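Chain by chain, the residues:
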Amino acid sequence: MLNFLQRHIQFYLLIAIWIGAAVTASPLVYLLLPLTILLLRNKEQFPEMLFGFIMVLVLSDVHKDFHAIAVFKGAKNIYIVALTALFLNETGRFIELSKIFKIFLPFVAYSFFPLLFSPDPTVAAQKTLSYALLILVVPNYVLYSFRMQGWAFCRNLVFFLIFVLLFGLYFRYTGDGYVSGRFRGFFGNPNGLGLFCYLTLMLFAVVDSLNGRLFRYWERWLIYGIVLYFLWTSGSRASLISVFILFTFQRFFSGSALLGFVALLFFMVMFEYVYSNLGEIAAFLGAEEYLRVNTLESGSGRYFAWTFAWERVQDYFMFGGGFGTDEFVMRSNYDYLERMGHQGGVHNSYLSLWFDVGILGLLIYFRSFVLLFVKASRSASISMAVLFSVLFSVTYESWLVGSLNPFTILLFVALTLLSEEEIAFASPDFQGEHAGPEGSLEPRLTEA
């Protein structure tokens, strides 16, 4: 990990310059980000472009209290446009292109139709375009980065995410990092930190399952320890259960698909039983405060939000109202929702997508989504475990609907690693076409 930090110190200094500009002269960020893309392009550092995009999205998710760097909420649009412009200008270097966009093309094509019914067409068009660009650009940058650096790219990606978490420790000492005793780090709320931890662990598990020789034994435990520490301090119950589902079903599906599905049915029955008696279980374990038992009945306000959203989604039942409709509806009723004890959005990706693209778009989206995992399961047994854990996670948060957040991008990175055959079937020793000091692995990493 320290070697990674030393090799990428210039990249981290570049991020520090972004933050410094945001604090002292925020409009400069809009100039610095595309200049960063050009600089990294000249140095052939395409993986760092992807890392930079993730970092920009993390910085854009900060809580409103961190107003000094709020400029990233708008500047992230500049970054994805610059990435897209470079991709379109140099498409030849990315061929063969990733297959993910082709699989999601029916949804992308359909998603522009609900704009006809949007209560805010301008915002909806921007969000629709950004989602399409995310699906188009991110998988191709992941695939090209792997071609350049081989498995070292995946190793560096995991370490980069770990350092993002560690840098968030800064907020432990500023007084801004906690909400009701729960740590949030860089993120807008503790559940955001929990989601990032879950998706980081999921991505690490995918990489480790594809190449079990990439990380040393002690590195695995260090990664698990760091991420689980932040996950625990976030107090995110849904993310904790998602991690449990991921690693439990990974074991079962590695045995056989039938065993995995039997375990899934058993889990569904047991989850209902445990959830119904969670108060008593928490009391027995002495964990009432950590599990926030007093909010279980209301689901931290989610159940009220779901009921309210279900009533309003009837107005957009078949075709939806375009991306952002869920946010528009919830914001329009903010005063009422606040009086009823709920602050925030729908907190359910299925309902949010239903608002945005209707039941028809919802079916088209998950047809592509599930199809990718089914195809990936032929080469990676962890695929179905990832699928079920994600399906559970998006039940309690609407992160899957957002294109420019630090969560959806990690999912599409994992999808690319799982579904692209040239990655899934690559030799464990593959070092890429341009292996060098930045991309090559130390020889001992390929030892059994």
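As shown above, the structure is provided for reference.
Fair warning: this is a prediction, and the values are worked out from it, not measured in the lab.

Reading guide: rules and limits
- Residues numbered from 1 in each chain as written.
- Predicted model: local features only at pLDDT ≥ 70, side-chain atom pairs only at ≥ 80, totals over all residues.
- Heavy atoms only, no water.
- Helix = DSSP H or I, 4+ residues; strand = E, 2+ residues; numbered from the N terminus.
- Buried < 20%, exposed > 50% of the residue type's maximum accessible area, 1.4 Å probe, protein only.
- Contact = heavy atoms within 4.5 Å.
- Areas by Shrake-Rupley, 256 points an atom, 1.4 Å probe, with all protein chains shown as cover.
- Patch = residues over 30% accessible without salt bridge, like charges linked within 9 Å, V, L, I, M, F, W, Y side chains within 5 Å.
- Salt bridge = Lys/Arg side-chain N within 4 Å of Asp/Glu carboxyl O.
- Lys, Arg positive; Asp, Glu negative; His and termini not counted.
- Charge placed at Lys NZ, Arg CZ, Asp CG, Glu CD.
- Axes fitted to C-alpha atoms, helices over the stretch in contact; angles between N-to-C directions.
- Parallel < 35°, antiparallel > 145°, perpendicular 65-115°, else oblique.
- Nonpolar A, V, L, I, M, F, W, Y, C, P; charged D, E, K, R; others polar.
- 1 Å grid on protein atoms, 1.4 Å probe; cavity = no way out; pocket = protein on both sides within 12 Å on 5 of 7 lines; lining within 4 Å.
- Points joined across faces, edges and corners; volume = space filled by probe spheres on them.
- Phe/Tyr/Trp six-rings, centres within 6.5 Å; stacked < 30°, edge-to-face > 60°.

## Here's the deal with the overall build of the protein
Phase 1: For the protein, the helix and strand inventory stands at 22 helices and two strands.
Phase 2: A burial count over the protein gives 55% of its 448 residues as buried.
Phase 3: Considering only contacts in the protein between residues 6 or more positions apart, those separated by 24 or more positions represent 77%.
Phase 4: With an accessible surface of roughly 19,300 Å², the protein has 64% of that area assigned to carbon and sulfur atoms.

## Let's talk about a positive patch on the surface
Phase 1: Taken together, the side chains of Lys102, Arg367, Lys375 and Arg378 make up a positively charged region of the molecular surface.
Phase 2: Within the element layout of this structure, arginine 378 appears in the loop between α19 (349-376) and α20 (383-396).
Phase 3: Under the relative-accessibility criterion, arginine 378 is labelled exposed at 69%.

## A look at the packing of helix α10 (residues 190-210) against helix α21 (residues 408-419)
Phase 1: One way to put it is that α10 packs onto α21 with a least axis distance of 10 Å and a crossing angle of 10 degrees. In terms of orientation, α10 lies roughly parallel with respect to α21. Across the interface between the two elements, Phe196, Leu199, Thr200, Met202, Leu203, Val206, Val207 and Leu210 of α10 pack against Leu410, Leu411, Val413, Ala414, Leu417 and Leu418 of α21.
Phase 2: Residue composition of the contact of α10 with α21, by class: 13 nonpolar, one polar and no charged.

## Digging into empty space enclosed by the protein
Phase 1: All told, the structure shown has three cavities of 30 Å³ or more when counted by the stated rule.
Phase 2: Within this model, the largest cavity holds a volume of roughly 60 Å³.
Phase 3: If you trace the largest cavity, you find it lined by Ser118, Pro119, Asp120, Val123, Ala124, Lys127, Phe323, Gly324, Thr325, Glu327, Phe328 and Arg331.
Phase 4: When residues in the lining of the largest cavity are grouped by element, the largest group, four residues, is from helix α17 (residues 325-332).
Phase 5: Residue composition of the lining of the largest cavity, by class: five nonpolar, three polar and four charged.

## Structural notes on the environment of leucine 410
Phase 1: Tracing the backbone shows leucine 410 in helix α21.
Phase 2: Once the C-alpha coordinates of leucine 410 and leucine 161 are considered, the two residues, 249 residues apart in sequence, prove to be 9.9 Å apart.
Phase 3: Apart from residues no more than four positions distant in its own chain, leucine 410 is found in contact with Ile54, Leu161, Phe196, Leu199, Thr200 and Leu203.

## Examining the packing of aromatic side chains
Aromatic ring pairs are defined here through the distance separating the ring centres and the angle between the ring planes.
Phase 1: A complete count under the given rule lists 50 aromatic pairs for this structure.
Phase 2: Relative to phenylalanine 94, the ring of phenylalanine 46 lies with its centre 6.0 Å away and its plane at 80 degrees, an arrangement referred to as edge-to-face. Residue phenylalanine 46 is found in helix α4 (residues 46-60), and its partner phenylalanine 94 is found in helix α6 (residues 91-94); the two are separated by 48 residues along the sequence. Each member of the pair phenylalanine 46 and phenylalanine 94 is classed as buried.
Phase 3: A centroid spacing of 5.4 Å and a plane angle of 80 degrees characterise the contact between phenylalanine 113 and phenylalanine 117, whose relative ring orientation is edge-to-face.
Phase 4: On the basis of relative accessibility, which here comes to 35%, the residue phenylalanine 113 falls in the partly exposed class.
Phase 5: Owing to a relative accessible area of 39%, phenylalanine 117 belongs among the partly exposed residues under this scheme.
Phase 6: Of the aromatic side chains, those joined through ring pairs into one cluster are Phe104, Phe107, Tyr131, Phe323, Tyr350, Tyr365, Phe366, Phe369, Phe373 and Phe412.

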